Amino acid sequence: MCAVASSTSARAAEAAGDACASAGLAGAQVSTSVRLQHDDRTYTKITTELSVDVPSRWAHAKDLLLSEDSGAYTTAMACLTRHQPGQQRRWAELRSGPPVVSSKHGRIRVVDKAYSWVSQYRSYIDVGMWRVRAGARSWTVQLQPPSALAGAHWDEITVDPGSPGAEDAKPRPTERTGDSTLVWRPARSAPAVTVSVRPPWQRSWAAQSDRLVAVGLDRLGALLWVATMSVLLLVAVLLYRRRPSAPSGTQRRTLRNLAAWAPAAVVLFLLTHADDLILRYEERHDLAWSWPDQHILLGDAFALGAVAVLFSFARPSWRFWAAGALLAVPPVATMTMPELFGLRPSPWADTYEASGGALAAQTTASCCLMALTLLGCVAVAWRLAVDGGLLPQSRRFPGRDRVLRLRLAAPAVLVWTVLTAVCFAVVEERNWQRATWLSNRGSRAYGTDHGLDTLREAVQSVSDGQELIIDHTWILTGFAVLAVLRTWRATPTAPSVPSSTSPLNDWADRLLLLAFFPLAVGLDDGHYVDNGLVQVIWIPLYLLTLYGAVAIPSRRAVLAQPLEVSGRPLATVAGPSARSTLLKKSRNYRETHAILRRLDQGLLDDSRPERKNLEAELDRLHDWPVSGSLVGDRLPANVSVVDASLALGPRDDWWANGVRGARFALIPGLPAAALGSWADWIRGAAWQDTLSNGFALPSLALAVLWWLATWVGGGFLLGALWRVLPGRRGAVKALPVALAFALPVGLDGLGGWFTQEGFANLALYTSTMLLVLTITGIALDLDTFSGERRYWQSRLGLLLSVYQMRYYSLQVAYLIAQVIAVISIWQFFAEPTVMPAAGGK
């Protein structure tokens, strides 16, 4: 009888125009709260909670116990959480899980938690039953209770505006708890609660980051970064061209590539980001285009322009040009003939509905443009690497460069494009379901809106997808720099002054190597309140810190120590031939010291040698003949032959040492890259935001590559500067490079502290860099004596001999301390980058 009565009352309510049967909710008990969290994040976070005790007599009470996908559940939940039932679109509202529904003693309890970010200027952000609007000076937080709960019993309404508190509140609250939390206890009928908040200026500026002027300043800062880096590279080109010696063909090619790529990088940046500024300008002046074909015309034109720049620089084979022309057909067709594919509405139509053909055509065009961009980047990377000799020569045809094969590049590009498209489609569908989870999915309007949203995202993916790829072309710039350093590095002009000791001895090499530091190793510093206007400042900061960290203590380097007789620096006589002599003497030195230790410990028999003979042998090992002189010399008093050997590194010049350092950094760099990507994209709340961004999963894969390039680049710099770094062991030599990395990062952290943004991850990055460089330094020490590997059962035994045990124990303790520091920072201090979900609209 009760069920029949409830059904009858529900039908009567629907007939009266009340689909929620609000009369049955008169006995419901409701509590709600909202909290604004300002600190340790870029944007203010809004968290809300709604608790409703539903009486069993409500017509839709039992519907809450059904599946979340059922229409009855959706209708019932919309009545409790939305101002009005019907089509609901909440792009900014996020939740870590569905509302929790429980039943006890005939009553059903619903607890709904949601959150969002204040990242839109002068727009209404609906979260739960609260609406937040961010103005230039103050924000308003307004309660918008569902009409179905108008007659319910409201136990408590809580608003925590955060520090410094509320500026105004209507009506006046019943009480205040904590530092700034306001509480209302209205009992019957929810009051129209409105709270005015004066947020911290940092969060106010961040909330206005979507304004045209803010976006323009942010793009200007990024443009200045790219342009400044390009100017540095062009200055280095001029310095190389002023060298008196005639360049070889390889040198001319690499320098021409660098001179052409430096301005091309600026052009690519402009083509990639200009369309976004134009669209925002149109929106700002109420000139926004309404139809898909107008967006396609703008986005595809700039995208094809960027592809043309890539192919013009790469100059690939005709097969690549043919493949590029074939891939360009779909975007050109949709751009020039949109009406043929249903992408342009009829002139007499008031509305536009996306057809399946239009969506298929635009999806094909978007995928083709992404494949075109990737193919162009692959061709550019191959051109730079082959011209610079960064790739090994062909095995099939010895003496000839490798050739980029389309049959190998095309499948790789196709796989990446398909995976990216699938991830994008899955995430965008997830965003749609999240935003419309309480909508009436059986209506025609729902299907129409779904189709239009999918088509709109497919159109927007052209610009966003290409921006994702082009923003990583700094890796291509790094290839161009390395190619020039490899082919143009200064060669010894005289036996007494070997320029192979350091790249800092030549002006051109110095500038290019220093520019490589912020380009490939430095972090993306200088972003505050979601604006990167000042990030260009970090370029000279990185340059100065690296040069200062190396040049200031360079007099303490082993090779800078003077010989005892002539007073000349050890570097002037430590050429390639001297290196082989030192390695032989180093083995005798270690063996003699091993005998001395056993002699002191009484471990030798009666045939033991005399100490004075062993000491005389060590003294003779200290002698050093000067090349080209009849007068003998001696190594510096505080430098042993082992120290001198380790100071030279595993190879004969700084470039080869740098290559070895990059290879050794790759091993610890892999887990370090995974750690950095986890901290940025997965840990904590970051994973939810990653799942809300259409290109986040491909970005996560590129983030691993980004971090790996950072650690490998640090290893290259360590090896390249190895001979001028202070310290006798690799772990000590790693400190100046790690310090040069840490100082700009620390300044960035200071800026984050000033703007009250989270910066704890910076400590994780710095400690990880020190750990990677320490392991790389130890590996370089071990590689210096790799010729003795066959005499030892393991590398550990060789390392014990090289470090003479007491040094080894110190190195192990130092390394373990670093690992513990990284784990501690990771566990207690590291935090994800807190940003609004990119999937919001």
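Preceding this paragraph is the structure being described.
Note that this is a predicted model, so its numbers are computed, not measured. (Residues numbered from 1 in each chain as written. Predicted model: local features only at pLDDT ≥ 70, side-chain atom pairs only at ≥ 80, totals over all residues. Heavy atoms only, no water.)

**Details of the pairing of strand β13 (residues 194-197)**
Two faces belong to every sheet, and in a regular strand the side chains alternate between them.
Okay, so step 1: Where strand β7 (residues 139-143) lies against β13, four bridges are found, and the strand directions are antiparallel. The residue of β13 that forms the bridge with glutamine 142 is threonine 194.
Okay, so step 2: Sheet analysis places strand β9 (residues 166-170) next to β13, joined by four bridges and oriented antiparallel. Within β13, the position partnered with alanine 169 by the bridge is valine 195. (Pairing = 2+ DSSP bridges. Helix = DSSP H or I, 4+ residues; strand = E, 2+ residues; numbered from the N terminus.)

**A few points about the packing of aromatic side chains**
Okay, so step 1: Counting across every chain of the model gives 18 aromatic pairs.
Okay, so step 2: Summarising the aromatic geometry, the rings of phenylalanine 424 and phenylalanine 695 are spaced 4.8 Å apart at their centres and angled 35° between planes, so their arrangement reads as tilted. Placement of the pair is phenylalanine 424 in helix α9 (residues 406-435) and phenylalanine 695 in the loop between α18 (686-690) and α19 (696-720), with a sequence separation of 271 residues. The exposure classification of phenylalanine 424 matches that of phenylalanine 695, with both residues buried.
Okay, so step 3: Taken together, Trp474, Trp706, Trp707, Trp711 and Tyr765 form an aromatic cluster joined through their ring pairs.
Okay, so step 4: Just above the ring of tyrosine 115 sits the side chain of lysine 45; from NZ or CZ to the centre is 4.8 Å.
Okay, so step 5: Above the face of the tyrosine 124 ring, arginine 131 is positioned so that its terminal group lies 4.6 Å from the ring centre. (Phe/Tyr/Trp six-rings, centres within 6.5 Å; stacked < 30°, edge-to-face > 60°. Buried < 20%, exposed > 50% of the residue type's maximum accessible area, 1.4 Å probe, protein only. Lys NZ or Arg CZ within 6 Å of the ring centre and 35° of its normal.)

**Some points on helix α2 (residues 71-81)**
Okay, so step 1: Among the eleven residues that make up α2, eight are buried, leaving the element largely enclosed by the rest of the structure.
Okay, so step 2: Among the residues of α2, those classed as buried are Tyr73, Thr74, Ala76, Met77, Ala78, Cys79, Leu80 and Thr81.
Okay, so step 3: Here the buried face of α2 lies against β2 (44-54), β3 (100-104) and β4 (107-118). (Contact = heavy atoms within 4.5 Å.)

**Details of the sheet that holds β9**
Okay, so step 1: With respect to topology, five strands assemble into an open sheet ordered β5-β6-β7-β13-β9, the strand pairing being antiparallel. Only two strands of the sheet have a single neighbouring strand rather than two, namely β5 (124-127) and β9. Adjacent strand axes in the sheet meet at a mean angle of 20°, parallel and antiparallel pairs treated alike.
Okay, so step 2: Pairing of β5 with strand β6 (residues 130-134), which is carried by four bridges, proceeds in the antiparallel orientation. Residue pairing for β6: tyrosine 124 is matched across the bridge by arginine 133. (Axes fitted to C-alpha atoms, helices over the stretch in contact; angles between N-to-C directions.)

**A word on the nonpolar core**
Okay, so step 1: Core analysis: the biggest nonpolar cluster contains 122 residues, and Tyr240, Trp261, Leu512, Leu523 and Phe716 have the highest contact counts within it.
Okay, so step 2: At twelve residues, helix α8 (residues 356-387) tops the list of elements feeding residues into this core.
Okay, so step 3: Among all residues touching phenylalanine 716, those that are not within four sequence positions of it are Leu482, Leu513, Phe516, Trp654, Trp655, Gly658, Val659, Gly661 and Ala662.
Okay, so step 4: By size, the runner-up hydrophobic cluster in this structure holds 49 residues, among which are Leu36, Ala78, Ala114 and Ala207. (Core = buried A, V, L, I, M, F, W, Y, C linked by side-chain atoms within 4.5 Å.)

These results come straight from atomic positions and should not be treated as a statement about function.
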